[in-house]
Every structure is written in C-alpha cells, then in structure tokens.
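Examining the three-dimensional arrangement
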Amino acid sequence: MKNYAIILASGAGERSGLEIPKQFIKIAGKSVLEHTLKAFEDNSVIDDIIVVTNSSHIDYVKDLVKKNGFKKIQKVIKGGETRRESSCLGINAISDDNAKVLIHDAVRPFISSKIINDCIEALDKYKAVDVAIKSADTIIQVDWDGIIENIPERNILRRGQTPQAFDLKTIKKAHELANKEDKVAVTDDCGLIIKYKLADVYVVSGDDSNIKITYPIDIEIADKLFQLKTYTGTLRELSELKNKKIVVFGGFSGIGKSICQIAEKYGAKVYPYSRRNGVDVKDIESVKKALDTVYKQENSIDYVINTTGVLVYGEINKRNFGDIEEEIGTNYLGCINIAKCSYEYLKKSQGGLLFYSSSAYTRGRKDYAVYSSSKAAVVNFTQALAEEWEEYDINVNVIVPERTATPMRYQNFGEEPPETLLKPDYVAEISLSTLLENISGQVINIKKYSE
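Heads up: these notes are all about the structure in this document. (Residues numbered from 1 in each chain as written. Predicted model: local features only at pLDDT ≥ 70, side-chain atom pairs only at ≥ 80, totals over all residues. Heavy atoms only, no water.)

Okay, the sheet that holds strand β15 (residues 352-356) next. An order of β13-β12-β14-β15-β16-β17 is seen for the six strands of this open sheet, with the pairing classed as parallel. The open sheet is flanked by β13 (269-273) and β17 (443-446), the only strands paired with a single partner. Along the sheet, successive strands turn relative to each other by an average axial angle of 20°, direction set aside. Alignment of strand β14 (residues 303-306) against β15, held across three bridges, turns out to be parallel. Paired with Ile305 across the two strands is Leu354, which belongs to β15. Set on the sheet, helix α9 (residues 284-298) makes contact with β12 (245-249), β13 and β14; between it and β13 the angle comes to about 160°. Here helix α10 (residues 321-349) sits on the sheet and contacts β12, β14 and β15; the angle it forms with β14, its principal contact strand, is near 175°. (Pairing = 2+ DSSP bridges. Helix = DSSP H or I, 4+ residues; strand = E, 2+ residues; numbered from the N terminus. Axes fitted to C-alpha atoms, helices over the stretch in contact; angles between N-to-C directions. Contact = heavy atoms within 4.5 Å.)

A few words on the sheet that holds strand β11 (residues 201-205). Taking strand neighbours across the sheet as the criterion, the seven strands line up as β5-β4-β1-β6-β10-β7-β11 in an open arrangement whose pairing is mixed. Because the sheet does not close on itself, it has two edges, and the strands there are β5 (73-78) and β11. The average angle at which neighbouring strand axes cross in this sheet is 25°, direction not considered. Contacts from helix α1 (residues 32-41) reach β1 (2-9), β4 (48-53), β5 and β6 (99-105) within the one sheet, and its direction differs from that of β1 by about 175°. The strands touched by helix α4 (residues 113-122) within the sheet are β1, β6, β7 (128-134), β10 (158-167) and β11, with β11 carrying the most contacts at an inclination of about 150°.

Residues Phe249, Leu291, Leu353, Phe355 and Trp389 are the most contacted members of the largest nonpolar core, which totals 34 residues. If you list the elements that add at least two residues to this core, you get β12, β13, α9, α10, β15, α11 (369-388) and β16 (395-401). Examining the composition of this core, we find that seven residues originate from one element, α10, more than from any other. Not counting chain neighbours up to four residues away, the residues in contact with Leu291 comprise Val247, Phe249, Ile301, Val304, Cys341, Ser342 and Tyr345. (Core = buried A, V, L, I, M, F, W, Y, C linked by side-chain atoms within 4.5 Å. Buried < 20%, exposed > 50% of the residue type's maximum accessible area, 1.4 Å probe, protein only.)

Looking now at the packing of helix α8 (residues 254-265) against helix α13 (residues 424-436). Where α8 contacts α13, the two axes come as close as 8 Å, and the packing angle between them is 60°. Crossing angle aside, the handedness with which α8 passes α13 is right-handed. Residue-level contacts link Gly254, Ile255, Ser258, Ile259, Ile262 and Ala263 of α8 to Pro424, Asp425, Val427, Ala428, Glu429, Ser431 and Leu432 of α13. Counted by class, the contact of α8 with α13 contains eight nonpolar, three polar and two charged residues. (Left-handed = near helix turned anticlockwise from the far one by under 90°. Nonpolar A, V, L, I, M, F, W, Y, C, P; charged D, E, K, R; others polar.)

Let's shift gears to unusual backbone geometry. Following Thr162, the chain continues to Pro163 via a peptide bond in cis, the omega torsion being 15°. Positionally, Pro163 belongs in strand β10. We note that Asn243 has phi near 70°; this positive angle belongs to a residue other than glycine. Mapped onto the elements of the fold, Asn243 is located in the loop between α7 (216-228) and β12. In this structure Asn243 comes out as partly exposed when scored by relative accessible area, which is 45%. Unusually for a residue other than glycine, Asn299 sits at a positive phi of about 70°. Among the structural elements, Asn299 can be located in the loop between α9 and β14. Relative accessible area serves as the criterion here: at 57%, Asn299 is assigned to the exposed category.

This paragraph deals with the pattern of salt bridges. Per the stated rule, a full pass over the model turns up 21 salt bridges. Residue Lys26 is joined to Glu390 by a salt bridge in which the shortest nitrogen-to-oxygen separation is 2.0 Å. Taken together, the residues span a long stretch of sequence, with Lys26 in strand β2 (residues 26-27) and Glu390 in the loop between α11 and β16 at a distance of 364 residues. For Lys26, a relative accessible area of 33% puts it in the partly exposed group. The salt bridge partner of Asp124 is Lys100, with a shortest N-O separation of 2.5 Å. Pair noted here: Asp124 is in the loop between α4 and β7 and Lys100 is in strand β6, with a separation of 24 residues, a long-range link. Exposure remark for Asp124: the relative accessible area of 59% places this residue in the exposed category. Connected via shared salt-bridge partners are Lys26, Glu34, Lys67 and Glu390. (Salt bridge = Lys/Arg side-chain N within 4 Å of Asp/Glu carboxyl O.)

Purely geometric stuff here, so don't read any function into it on its own.
What follows is the structure in structure tokens.
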C-alpha cells in the first residue's frame, strides 16, 4: 500500500495582505512551498506527492519542482474554489484503490518527519487521523454580540494542525457525500469524517513550531524559526566530494583545518589559505589572488569556505578602534570580499559558498558587542546573497556551531570540559555535507552530536 501526500497550495493569500500568495513568499532562500515539499520529499515513508494549486500557478510550481529535482511529485493539478474542493480534487487524482493519504497545507513548512511518520503509523489502526497541540491559552466561546457564553475546560481542547491522514476509501466516501450537498459547513477533511460519522478520528501530537503562515507576523516568526532550526539531518555521503575543488579560508586551524583534512580524505582537491600563507581576508587583493591561483591550476572552483573569525572579549568603551576594525574586518568585511571574488568562479561551476557565524548572533551579548553584531551581519548577508545568486544556481549557507573546541575558543575562555564542546571534526563533516545539499540561504545550527 502506497503512502501519498497531497499538498494544498491553491490559496490566494488574501489574509496575509501581501502581493503574492503566501506559499510563494521566500524565507531562508526558498519559497514556503519549496520548504514544505522538501519535507515530504525527504521523508522515507512518503511514496508520491500531489500538489494542488491555482490554475495560474501550475507552470510556476512545475518549474519549482524541476529546479529542486523533486522526484516524488507525480502530479501538479488545478485546485478548486474552496479548500474542500481542492482537497477532493487531490484525493481523486489518486488512481489506487487502497492507499494512505496525508493532506497538508503548503503554508506549514516546518512539518517534521516525526509527525509524518506518526500519522502513517496511526493509520494502521485508525481510518482518520488529525494532528493537534494543546492550547496554552484559555479558549472562550462568545455569541454574535461578543459576549462570553462559555469557557470550555482547557485540558480537553486542542489546536488543530496539518497534515490530516486518512484511509483513501474512507476520505473518498466523505467527499462523495459532501458533493451531494449544496453547502457543507466544515473547515477541513476531518470535519467531513465526523459530520458523516464514517470513523473515529485519532489525534497525534503536533509541534509548536508547525505553524501556519497566514498573517504578516507569521512570516517574521517563520524567518526566525528557520534561523534557529537545529541540524538534525543525516550526513550526505562525503565520497561525493571526490575531485571537487575546494578553497578554504582559515584552513590551517580549528574547524577550517578539520574541513581540509576530511575533504582530502574523500578525494577532494583542497586549497587552504590564511595569514600563514599570505592571505588576509580583509585584503580583497590577496583574496582575489588566492582564488585566481587555484582557478588557473584547476580550471574550476566548486566550493569556497570561509571559517576565519576573530573574537575579542571586553567592554566596548575599553577597546581601541584598531582592535574593533580588525574584528569587524575579519568577521564581516572578509565575507563580503570572499563573496565578491568568488562569484564568477562559482557561477561557472554552479557551486557553493559557506560562511560561519556563532550562536552569539541571535542577540547582542555583554562584552561581545562587536563579535555578536558582526556574526549577526554574516547571517543576514548569507540570506540576502542566497536570493541575489539564486538565478545563477549558487548555494550560499551559513554554519552556526555551538561552542567548539578550537584554538580561538581556548584563547578566550581557557580550558573547558571537553564534553561541553563540539569537536571540530563533527562540525567539519556537517559543513561538507551542507555543501552537497541542494539548499541555499539556510542557517545550519549545530547543537548536538553523538559519539
């Protein structure tokens, strides 16, 4: 029995107050719809995906599918005037007699594999499954005049999410019954199951981050959620690095050194640069010369990585301008220099650019004013550059590791318990894996690892 995902992307986005439908708004380098589709594409239990969209957007969605290389999307079909009609069209596009079907809103891009898997598993026992979370707020019931009529007991209330999951025959029957009525006052597919008493609807636990992007503030929240998203994926097969040409600025120490060693182990041709061999990222001419040297030797550059960074601890009023300029120049201006000098090479190879930030970027930190603000600038620069370079198929991402056992860390904080620090090799492996992913504009937070 196959597992289908139907993605409802027909919405006009009227409540968002935006010029384009919210499923096509770009967040973290890609449209909301692309993020949602990738979640189902990458899930191992989903076999086929059907996208239901407005007739005027069908070609655009097909282009997105082709650009991302999605393999599971079998159909992109025209939606209906209402959500229920679009859902019905999606369900009837399935030719199988028996199947498990998940119906999901395109504007919930943070759907997790756990929720998808839990829904599929629950369908072994139930014919209909909903996803919901507990309400942290008291819910009130009011009349048409705005007067409270009832305050239901909060512990029995849930806030509904998607996907909703069904046995194919059961949900088809529900829509067949609904199609015989002039008007059906339900807001989702589980509502039909309940209305026609076709099955019990089991509820699996959703997630607070599985938000629906509806209003402008939701876009701001979603952008921050993408920034804070922790790396939990599976490492790509690093043998794919074989014969790739990689330039690593900051390649003689810390994470950069580990990147060089691991990449070479898997057959990449790696060129490390730092002040040790005469390259200062603050000096655009030295960056330009380094890249030009590699290109003349290899005739291509696939990836450019910048791990250079400076951290100077202290109150801003007690620091001199020379130190401040050095820190900003290395941490931020260096990224701009490397980006400008790398552009033509990466455009030719359709390669990738990787920067590094710090968990300190999320807010200004006492005694880290320059460091935390420069690292925040790197994140914003990455996301902006990813959009600027999207048409050239250049991926630009930023790695944000937790505290890592590097010389810079020890220099500023002394010896710390090893078990509290990430190992440079682990960060390096995820960094190289990120280069191999077809993602851009992503903030890759690395927070946990296992031996």
